[in-house]
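# Coordinates in review
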Amino acid sequence: MKLGHLAPLNTAACDRLENHLFGMFFKNGFRVCLNTDERLMSDTTVTSETLLATELLDLTLNDLEMLYLNAMKSAFAPFNIRLDLIFHRVRLGNGAIRNG
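A short tour of the structure in this document, coming up. (Residues numbered from 1 in each chain as written. Predicted model: local features only at pLDDT ≥ 70, side-chain atom pairs only at ≥ 80, totals over all residues. Heavy atoms only, no water.)

## Examining the packing of aromatic side chains
The geometry of an aromatic ring pair comes down to the distance between the two centres and the angle between the two planes. What the rule picks out here adds up to two aromatic pairs. Each ring, one from Phe 25 and one from Phe 30, has its centre 5.0 Å from the other, and the planes form 55°; the classification is tilted. Overall, Phe 30 belongs to the partly exposed group, its relative accessible area being 46%. (Phe/Tyr/Trp six-rings, centres within 6.5 Å; stacked < 30°, edge-to-face > 60°. Buried < 20%, exposed > 50% of the residue type's maximum accessible area, 1.4 Å probe, protein only.)

## A look at the side chain of Thr 50
With respect to the helices and strands, Thr 50 occurs in helix α4 (residues 46–57). Residues contacting Thr 50, with those up to four places away along its chain left out, are Leu 34, Leu 64 and Tyr 68. (Helix = DSSP H or I, 4+ residues; strand = E, 2+ residues; numbered from the N terminus. Contact = heavy atoms within 4.5 Å.)

## Remarks on the pattern of salt bridges
For the structure on display, the rule yields one salt bridge. Here Arg 16 makes a salt bridge to Glu 18, at a shortest N to O gap of 3.5 Å. According to the relative accessible area criterion, Arg 16 is partly exposed, its value standing at 45%. (Salt bridge = Lys/Arg side-chain N within 4 Å of Asp/Glu carboxyl O.)

## What about unusual backbone geometry?
For residues other than glycine, phi is negative in most cases, and the peptide bonds are mostly trans. Although it is not a glycine, Asp 58 adopts a positive phi angle of roughly 55°. Among the secondary structure elements, Asp 58 is positioned in the loop between α4 and α5 (61–74). The exposed category is assigned to Asp 58, whose relative accessible area is 65%.

Right, dumping it as structure tokens:
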């Protein structure tokens with residue numbers, strides 16, 4: 001397990017990754033997203049955090065799309081840029097994956 005995956009444990013956010021509240025919040029419709037917070041200190045990436053969450057929570061493509069939409073809706077970027085990313089990256093990208 002990479003150091004980044006230990007950050008919730010090191011900060012006492014949870015006793016085990018399986019007990020992290022992220023899964024409960026996501027399953028109950030809270031606007032949550034995945035991020036690295038302390039990427040350089042924890043030696044992690046959004047990709048590795050996404051893979052870990054997918055494995056721990058058995059996330060589907062629809063779940064991942066919702067996480068990315070949540071991230072774009074909450075991003076500190078101008079509205080038009082967020083819309084562009086949502087429609088031209090997230091939606092089209094996931095559509096391409098679904099269509100093979």
